[in-house]
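# Per-entry structural report
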Amino acid sequence: MSFLIWNIRGGNKRYKQEELYKFLKAHHIRLAGLIETRVKGNNMHRIANCIAPGWEIPHNYSDASNGRI
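Position numbers for residues start from 1 in each chain and track the written sequence from start to end. Totals for whole chains, interfaces and linings use every residue, but because this is a predicted model, local features are given only for residues with pLDDT of at least 70 and side-chain atom pairs only at 80 or more, for both listing and counting. Where side-chain values are given, they derive from all heavy atoms of the structure, hydrogens and water being excluded.

In this section: a nonpolar patch on the surface. Patch criteria: residues need more than 30% relative accessible area and no salt bridge. Like-charged residues are merged within 9 Å; nonpolar side chains of Val, Leu, Ile, Met, Phe, Trp and Tyr are merged within 5 Å. Here the open area of atoms and residues is found with the Shrake-Rupley method and a 1.4 Å probe, where only the protein chains shown may cover a residue. Salt bridges are identified by distance alone: a Lys or Arg side-chain nitrogen within 4 Å of an Asp or Glu carboxyl oxygen. Together, Met1, Phe3, Ile5, Leu31 and Ile35 give the surface a local cluster of nonpolar side chains, amounting to about 610 Å² of exposed area. Where helices and strands are cited, they refer to DSSP runs of H or I of at least four residues and of E of at least two residues respectively, numbered from the N terminus. Residue placement: Phe3 occurs in strand S1 (residues 3-7). Between buried and exposed lies partly exposed: a residue is buried under 20% and exposed over 50% of the maximum accessible area for its type, with that area taken using a 1.4 Å probe on protein chains only. A relative accessible area of 57% means that Phe3 is categorised as exposed.

So, about the pairing of S1. As paired elements, S1 and strand S2 (residues 31-35) share five bridges and run parallel to each other. Bridging from a neighbouring strand, Asn7 pairs with Ile35 of S2. Classification remark: right-handed applies to a crossover when, strands pointing away from the viewer, the course from the first strand over the helix to the second runs clockwise. Remark: the S1/helix H1 (residues 14-26)/S2 crossover connection has right-handed handedness. For two strands to be treated as a pair, DSSP must find at least two bridges joining them.

So, about the environment of Trp6. You can see Trp6 is positioned in strand S1. As a C-alpha pair, Trp6 and Trp55 span 49 residues in sequence and 17 Å in three-dimensional space. Two residues qualify as a contact provided that any one of their heavy atoms is within 4.5 Å of a heavy atom in the partner residue. Excluding anything up to four places from it in sequence, Trp6 contacts Glu19, Leu20, Phe23, Gly33, Leu34 and Ile35.

Here we come to H1. Counted at 1.5 Å a residue, the expected span for H1 with its 13 residues is 18 Å, and the 18 Å between its end C-alpha atoms agrees. What H1 keeps buried is the set Lys16, Gln17, Leu20 and Leu24. The buried residues of H1 occupy an angular sector of 100° when the element is viewed end-on, so they sit on one face. Opposite the buried face of H1, at more than 90 degrees from it, the exposed residues are Tyr15, Lys22, Lys25 and Ala26. Turning to H1, the residues buried within the fold contact S1, S2 and helix H2 (41-51). Here the expected span of a helix is defined as 1.5 Å times the quantity of residues minus one. Our arc is simply the arc of the directions from the helix axis toward the C-beta atoms.

Now for a positive patch on the surface. Only four residue types enter the tally: Lys and Arg on the positive side, Asp and Glu on the negative side, with His and both chain ends excluded. To locate a charge, the coordinates of NZ of Lys, CZ of Arg, CG of Asp or CD of Glu are taken. Where like charges cluster on the molecular surface, the positive patch consists of Arg9, Lys13, Arg38 and Lys40. Relative to the elements of secondary structure, Lys13 occurs in the loop between S1 and H1.

Let us now look at the side chain of Gln17. Along the chain, Gln17 turns up in helix H1. What Gln17 contacts, discounting residues up to four positions off in sequence, is Gly11, Asn12, Ile47, Cys50 and Ile51.

This paragraph deals with the nonpolar core. With twelve residues, the main nonpolar core is built from Leu4, Ile8, Leu20, Leu24, Ile29, Val39, Met44, Ile47, Ala48, Ile51, Ala52 and Tyr61. Every element with two or more residues in this core is listed here: H1 and H2. Excluding its chain neighbours within four sequence positions, the residues that come into contact with Ile8 are Lys16, Leu20, Leu34, Ile35, Glu36 and Thr37. Residues enter a nonpolar core if they are buried and are Ala, Val, Leu, Ile, Met, Phe, Trp, Tyr or Cys, with the set joined through side-chain atoms within 4.5 Å.

Listed below in structure tokens is the structure:
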């Protein structure tokens, strides 16, 4: 199994979403942890679907409205 942990500060930026999507596909990543995304809870599902469509996305927005740990 291939996995990734990426400090992707600025996950709201479309070019970063596209870069991550391509990386996940090219390297057959099956598990990814993203930190410091700066993505707000109301945008999370839309952005997650752009990056990893069909993936299960656990998050901590119920504990921190801006997704921070």
